[in-house]
Amino acid sequence: MSTKASNVLTNIDLGFCSFCGACIAICPTHVGSKNLDYISEKYADRPVVKDSTKCEKCRHTLCMQICPQINISKNLFSVDSYSYIEAYYSKSRLPEVLSRAQDGGTATTLLITALRAGLADYAIVIKRDDEWHSKPMVTRNEDDILEASGSKYIFSPLLSVLDEITDRIDFGRIAIVGIPCQLRALENIAMLRFKHNDVVAIKIGLFCMHGFSRDRIESILKELNITFRDVVKMNIKKGKLWFATKDGKLLDYPLKKAEKVLRPACRQCPELFSPYADINVGSIAAEENWNTLLVMTPKGKELVEKAISMGLLETKPMDINGIETVNKYVHRKTGEALKNRELYTK
């Protein structure tokens, strides 16, 4: 099921870019002059194409092949693709994580576990500044990982730093936390046998219904009479988009209203969580300050068991109500995505 985009430039213009950053990492014109880049302050939610004629003349089509939005497997629109080994509710045991956590701090704790247990040497995370400009970075510093905790809900080019990793031999094994479209791009890179994927040892997925452009969030904040600098945390709960501010206020905005201008990239995405992850972490069906945790692979199971044995993570089995709730959202997202995808590919 393919969109009508002829190259990455038209893909961006048509709104099918979810800004995963993969095309920035693998653009073949990076030798001498990289044609795709990321300038957070100027173009905060899409790749910067320096010379459109280069895209129009390029015959490599690597960006098209690894893009998670152009050719989405039909299998991903089937609920049968979203199986898992084990399901838990989870919560960090680390006070320094819980003080910053979006919910239960599970993803951050699993990253810390991977580094402490020697399952990974570095992690790729997304940090942000006070204006909520995203900055992907490769780090082994736990303070960086703590600073990167919490959901952003704004498109972020996580995979753009993969070329930085492959250009150096000292990075070793990488743990990565990403939303489904980012891990789908990573899977496309793996299928093409690019070296960018060889360094990725652990993939932690985050549940995702959709993301927002920076412009959309900014317009919402204007309606609420605040700015990015006022916001310390964003969250989506009970049909609302929530903003916690520096002065202690908690403001909400109707999610359905916010979703009216979603990009086609998000409307056609079928994945509530990633089948390509080792572990998926979310908050759907979990009680306050806990996470939903789905173990997808033996490698993911090993990581969870390490976190528990090291005293870093608390877990309890997910009950039938939780499992049914997760399944309900999987059905909802795949069904809506299929309708939109069929519309976009006609």
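Reading the values: rules and limits
Residues numbered from 1 in each chain as written. Predicted model: local features only at pLDDT ≥ 70, side-chain atom pairs only at ≥ 80, totals over all residues. Heavy atoms only, no water. Helix = DSSP H or I, 4+ residues; strand = E, 2+ residues; numbered from the N terminus. Buried < 20%, exposed > 50% of the residue type's maximum accessible area, 1.4 Å probe, protein only. Polar contact = N/O pair within 3.5 Å; in protein donor to acceptor, adjacent residues only side chain to side chain. Contact = heavy atoms within 4.5 Å. Pairing = 2+ DSSP bridges. Axes fitted to C-alpha atoms, helices over the stretch in contact; angles between N-to-C directions. Parallel < 35°, antiparallel > 145°, perpendicular 65-115°, else oblique. Disulfide = S-S within 2.5 Å. Phe/Tyr/Trp six-rings, centres within 6.5 Å; stacked < 30°, edge-to-face > 60°. Lys NZ or Arg CZ within 6 Å of the ring centre and 35° of its normal. Arc of directions from axis to C-beta.

Backbone geometry places phenylalanine 19, a non-glycine residue, at a positive phi of 55 degrees. Mapped onto the elements, phenylalanine 19 comes out in the loop between α1 (8-13) and α2 (22-26). Of the residues examined, phenylalanine 19 reaches a relative accessible area of 1% and is grouped as buried. A positive phi angle, close to 60 degrees, is found at asparagine 225, a residue other than glycine.

Moving on, we get to the environment of serine 73. Here serine 73 lies in the loop between α4 (62-66) and β3 (86-92). Relative accessible area serves as the criterion here: at 31%, serine 73 is assigned to the partly exposed category. Separated by 111 residues in the primary sequence, serine 73 and arginine 184 have C-alpha atoms spaced 9.9 Å apart.

For the rest of this paragraph, the subject is the side chain of asparagine 235. With respect to the element layout, asparagine 235 can be found in strand β8 (residues 231-237). At 3.2 Å, the side chain of asparagine 235 forms a polar contact with the side chain of glutamine 102. For asparagine 235, the residues in contact, after removing those within four places along its chain, are Gln102, Asp103, Tyr153, Lys240, Leu241 and Trp242.

The buried fraction of strand β6 (residues 174-178) amounts to 5 of the 5 residues, a majority that puts the element mostly inside the structure. With burial as the criterion, each face of β6 is covered, one bearing Ile174, Ile176 and Gly178 and the other bearing Ala175 and Val177. Pairing geometry for strand β4 (residues 122-128) and β6, over 3 bridges, is parallel. Within β6, the position partnered with isoleucine 124 by the bridge is isoleucine 176.

Moving on, we come to the packing of helix α6 (residues 106-116) against helix α13 (residues 298-309). As a packed pair, α6 and α13 sit with axes 9 Å apart at the nearest point and diverge in direction by 90 degrees. Here α6 is positioned roughly perpendicular relative to α13, judged by the angle of their axes. Note on element contacts: α13 touches α6 through Leu303, Val304, Lys306 and Ala307, opposite Leu110, Thr113 and Ala114.

It is worth spelling out the state of the cysteines at this point. Scanning the model with the defined rule gives 0 disulfides in all. With no disulfide of its own, cysteine 17 lies closest to cysteine 23 among cysteine sulfurs, the gap being 6.1 Å. Judged by its relative accessible area of 10%, cysteine 17 falls in the buried class.

On to the packing of aromatic side chains, then. One pass over the full model with this rule turns up 3 aromatic pairs. Ring plane angle 85 degrees and centroid distance 5.6 Å describe the contact between tyrosine 82 and phenylalanine 273, whose orientation is recorded as edge-to-face. You can see tyrosine 82 sitting in the loop between α4 and β3 and its partner phenylalanine 273 sitting in the loop between α12 (264-267) and β11 (279-282), a full 191 residues away along the chain. Accessibility expressed as a relative area gives 5% for tyrosine 82, which makes it buried. For phenylalanine 273, a relative accessible area of 0% corresponds to the buried category. The lysine or arginine in question, arginine 332, covers the ring of tyrosine 329, its NZ or CZ lying 4.7 Å from the ring centre.

Where β8 and strand β9 (residues 240-245) come together, 6 bridges link them in antiparallel fashion. For lysine 237, the partnering residue across the bridge sits in β9 and is lysine 240. Taking the residues between adjacent antiparallel strands as the criterion, β8 and β9 are bridged by 2 residues, where lysine 238 takes a positive phi near 50 degrees. The turn joining β9 and strand β10 (residues 250-254), which pair antiparallel and follow one another in sequence, is formed by 4 residues; a positive phi near 90 degrees is taken by glycine 248.

Turning our eyes to something else, we now look at helix α10 (residues 214-223). Along α10, the residues that are buried comprise Arg214, Arg216, Ile217, Ile220 and Leu221. Seen along its axis, α10 keeps its buried residues to an arc of 165 degrees; they face one direction. Exposed side chains of α10 directed beyond 90 degrees from the buried face belong to Asp215 and Lys222. On its buried face, α10 sits against β8, β9, β10 and α11 (255-258). At the exit of α10 stands asparagine 225, carrying a positive phi of roughly 60 degrees.

With mixed pairing, the 8 strands of this open sheet are ordered in space as β5-β4-β6-β7-β11-β12-β3-β13. This sheet does not close on itself; its edge strands, each paired only once, are β5 (134-139) and β13 (313-317). Taken pair by pair, the neighbouring strands of this sheet meet at an average axis angle of 30 degrees, ignoring direction. Taken together, the 5 bridges between β3 and strand β12 (residues 291-295) define a ladder with antiparallel strand orientation. Along β12, the bridge assignment pairs serine 90 with asparagine 291.

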